[in-house]
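Single-letter residue listing:
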Amino acid sequence: MLLYSWFVQTYNTDQQVPDSAGTATAFLCGVKSKAGTVGVDDNVQYSNCSTVQGAEVTSILDWSLAEGKSVGLVTTTRVTHATPAAAYAHAPRRSWEGDTSLDSTQKGCTDIAYQLIKDNPDIQVILGGGRRFFLSKNETDPEEGTTYTSYQRRDTSLVQVCLNHPICSMSIYEIKPDGEPSLQEMTIKAIEILRRNTNGYFLLVEGGRIDHGHHGTYGRRALEETVMFDKAVSSAIDMTAERDTLIVVTADHSHVFAMGGYPARGNNILGLVENDMADDDMPYTSLVYGNGQVQSTLQLQTDECCAYGFRDPCRRGHSYLCQRSNGSPVDWYTRAELYSSCYGICLVCGTQ
């Protein structure tokens, strides 16, 4: 198997440290843009609808459709979240996922969920979360039995619009640990569906909960999501042929996450450093965040903390400020023969 790798510098045109909206636009559309914007170039002004016209850019999803390929999106986040949205939407603000979140003072824009269903009926596979942005305010969530009054749509049920479309075949899952499909399972199903097209396909797979784990300084959760991400990549490799399928594995940005201090070999990676104390004679964890949600150093001495050893997925590491992304370069790996005809393209994205 031929594997090529290099580093990719991440930044927005207005920020040294990027966000996922601008970086997703960069690797899916080929242009650098402002932070917080999706599917538009640098001419757009953040949160300003009047600047969108003429700033829209096309993505690899559009290019694949133009070549007669099938296309699909798989994510463990909401399907309207920044990374998948950059593949199909054009918005000056990534948070405008539904019509209730769209600034009422802005005229001429449509929300991201609306664009997914109304403007992109040819996307064959959509697997991910975020059902609340597609249900109307009069609908009850079929799994929860409740309504999300602050999120559900004022206009119409986009789920029904999609299901009534002769081309659209849509599955929207709320990703939870109690029986919902894993990233690996969704990747397998997406490839099984998309490869039926003799012209080939493009598939975007996002392990987006790695990022969410790091943002909350949940070290264990981020690492467990990374393991699931690795399984999805492995399945994509096993199901495709190197001679005709390009697989790209990368991250949209990194995080200020590191293993610090001097833990001994065999020290629990998710726990406290057992053989050392910090300069202030306080215990510290093997895994650290350069910034993030605050946890008192005194808490590290409690019996409960040491008993958990930071292995509980809801237990945060020790960090100081609001957690943000990292501006470091990210790894970019490709698997394909140089003469590949690219029958299939599978872009798998996580967060370092």
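Quick notes on the rules
- Residues numbered from 1 in each chain as written.
- Predicted model: local features only at pLDDT ≥ 70, side-chain atom pairs only at ≥ 80, totals over all residues.
- Heavy atoms only, no water.
- UniProt positions renumbered as here; feature names shortened; annotations may be inferred.
- Helix = DSSP H or I, 4+ residues; strand = E, 2+ residues; numbered from the N terminus.
- Contact = heavy atoms within 4.5 Å.
- Salt bridge = Lys/Arg side-chain N within 4 Å of Asp/Glu carboxyl O.
- Buried < 20%, exposed > 50% of the residue type's maximum accessible area, 1.4 Å probe, protein only.

Caption draft 1: Structural context of the UniProt feature "active site" (unreviewed entry) in the protein. When the UniProt feature table is mapped to this numbering, "active site" (unreviewed entry) covers Ser20. Within the element layout of this structure, Ser20 appears in helix α1 (residues 20–29). Not counting chain neighbours up to four residues away, the residues in contact with Ser20 comprise Ala82, Thr83, Arg94, Asp252 and His253.

Caption draft 2: Molecular detail of the pattern of salt bridges. One pass over the full model with this rule turns up nine salt bridges. Taking the shortest distance from any N to any O, the salt bridge between Arg153 and Asp111 comes out at 2.7 Å. Pair noted here: Arg153 is in the loop between β3 (125–129) and α5 (158–163) and Asp111 is in the loop between α3 (82–88) and α4 (112–118), with a separation of 42 residues, a long-range link. Taken individually, Arg153 and Asp111 each receive the classification buried, so the pair is uniform in this respect. Here Asp155 and Arg153 are joined by a salt bridge, their closest N and O atoms 2.8 Å apart. Asp155 sits in the partly exposed class, given a relative accessible area of 43%. Residue Arg153 is classed as buried on the basis of its relative accessible area, which comes to 0%. Connected through shared salt-bridge partners, Asp111, Arg153 and Asp155 make up one network.

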